[in-house]
Amino acid sequence: MGLIKEPIDVDFVVDSRPLTKKEKLAISEFIIADKAKRKRGELQNKAKRKGKSKKQVA
Amino acid sequence: MKTLKDSGLDFKIDKLTNSIENVQTGDSFSTEVSLLSKEDLRIISPKNSWKFNWLSEFKYPTRDVYKLTIVNNPGVIQGAVSLESRIDHVYMHLLESAPFNVGRNKVYVGVPGNLVAFACKLSFQRGGEGYVSFLSKSNLIDRYVNSLGAIHCGGQLMVINTEAALKLTNKYFQ
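Presented here is a report on the structure given in the accompanying data block.

Conventions adopted
Residues numbered from 1 in each chain as written. Chains lettered and ligands numbered in written order. Predicted model: local features only at pLDDT ≥ 70, side-chain atom pairs only at ≥ 80, totals over all residues. Heavy atoms only, no water. Axes fitted to C-alpha atoms, helices over the stretch in contact; angles between N-to-C directions. Helix = DSSP H or I, 4+ residues; strand = E, 2+ residues; numbered from the N terminus. Left-handed = near helix turned anticlockwise from the far one by under 90°. Contact = heavy atoms within 4.5 Å. Nonpolar A, V, L, I, M, F, W, Y, C, P; charged D, E, K, R; others polar. Phe/Tyr/Trp six-rings, centres within 6.5 Å; stacked < 30°, edge-to-face > 60°. Buried < 20%, exposed > 50% of the residue type's maximum accessible area, 1.4 Å probe, protein only. Lys NZ or Arg CZ within 6 Å of the ring centre and 35° of its normal. Arc of directions from axis to C-beta. Pairing = 2+ DSSP bridges.

### Points about the packing of helix α2 (residues 111-125) of chain B against helix α4 (residues 162-173) of chain B
Residues and elements named next belong to chain B. Where α2 meets α4, the axes come as close as 8 Å, and the angle between the chain directions of the two elements is 115°. Along this stretch, α2 crosses α4, giving a crossing that reads as left-handed. Residue-level contacts link G113, N114, V116, A117, F118, C120, K121 and F124 of α2 to T162, A165, L166, L168, T169, Y172 and F173 of α4. Grouping the amino acids of the contact of α2 with α4 by side-chain chemistry returns ten nonpolar, four polar and one charged.

This is how it looks when you write it as structure tokens:
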């Protein structure tokens, strides 16, 4: 696996602040939606594999 | 007063390695991540040119502060990260490279990538399915997308999802 490179200028400035309620909600909603999307993809892949194996049997 | 636009994480991912690499020699050194101790706070203080107040970070009961060190050289802290486990993910409050790993004259590359990959690993271990979120500086959003595979969720919000987290953890912790 190759390395992922970026320019060498590593300035490091971190400015932490508390998340707003809106931001917290946005993160949670994104995670829920992303998980659902992943599950849909997994189910579709499963269905595709099933379809292929049925064809092979026939 | 700082505006919201100016806040957020501003670490640059220089290189993702399963170790850190000496810029001058190109030699790689295996690293380990461990919990920061009270004694370590004497090292990572503004007095020693660290930018942030890790003492106050250390005091938050919901946050864990970790340090990155080279194996067999635990006395030299290469970087630190403050993480909070939430119900569905790990939130990265702060991440900082040691002063000698910052800028064009840095000693080692790969410190931020190591620490972010560790956050992903922790998220897997704590039931967060690898999800990690953080606030990004606006000008670095594209870099996080390209180097970490992070997803921009609007504003300064960035999320590393399961797929990207798997890639990062596989790269670092195989």
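### With respect to the packing of aromatic side chains
Residues and elements named next belong to chain B. Taken as a whole, this structure holds three aromatic pairs over all chains when the rule is applied. An angle of 85° between the planes, with centres 5.8 Å apart, marks the rings of F29 and Y108 as edge-to-face. Here F29 is found in strand β3 (residues 28-35), whereas its partner Y108 is found in strand β7 (residues 108-109), with 79 residues between them in sequence. Its relative accessible area of 13% is what places Y108 among the buried residues. Stacked on the ring of Y60, the Lys or Arg R63 has its end atom at 3.6 Å from the ring centre.

### Thoughts on helix α3 (residues 141-148) of chain B
Residue and element names in this part refer to chain B. Buried within α3 we find I141, Y144, S147 and L148. Looking straight down α3, one finds its buried side chains confined to an arc of 145°; they lie on one side. Of the exposed residues in α3, the ones pointing more than 90 degrees away from its buried face are D142 and N146. Against β1 (8-11), α2, β8 (132-135), β9 (151-152), β10 (157-160) and α4 lie the buried residues of α3. Immediately beyond the C-terminal end of α3, within one or two residues, lies G149, with a positive phi of roughly 80°.

### Regarding the environment of G128(B)
Residues and elements named next belong to chain B. Position of G128 among the secondary structure elements: in the loop between α2 and β8. Along the sequence, G128 and E39 sit 89 residues apart, while their C-alpha atoms lie 30 Å from each other. Sequence-distant contacts of G128, defined by excluding residues within four places in its chain, comprise D88, H89 and S123.

### Quick notes on the pairing of β8(B)
Residues and elements named next belong to chain B. The alternating pattern of β8 places V132 and F134 and S133 and L135 on opposite faces, both of which are buried. Across two bridges, strand β6 (residues 90-97) lies against β8 in parallel orientation. Within β8, the position partnered with Y91 by the bridge is S133. Two elements, β8 and β10, share four bridges in a ladder whose sense is antiparallel. Bridging across to β10, S133 finds its partner in V159.

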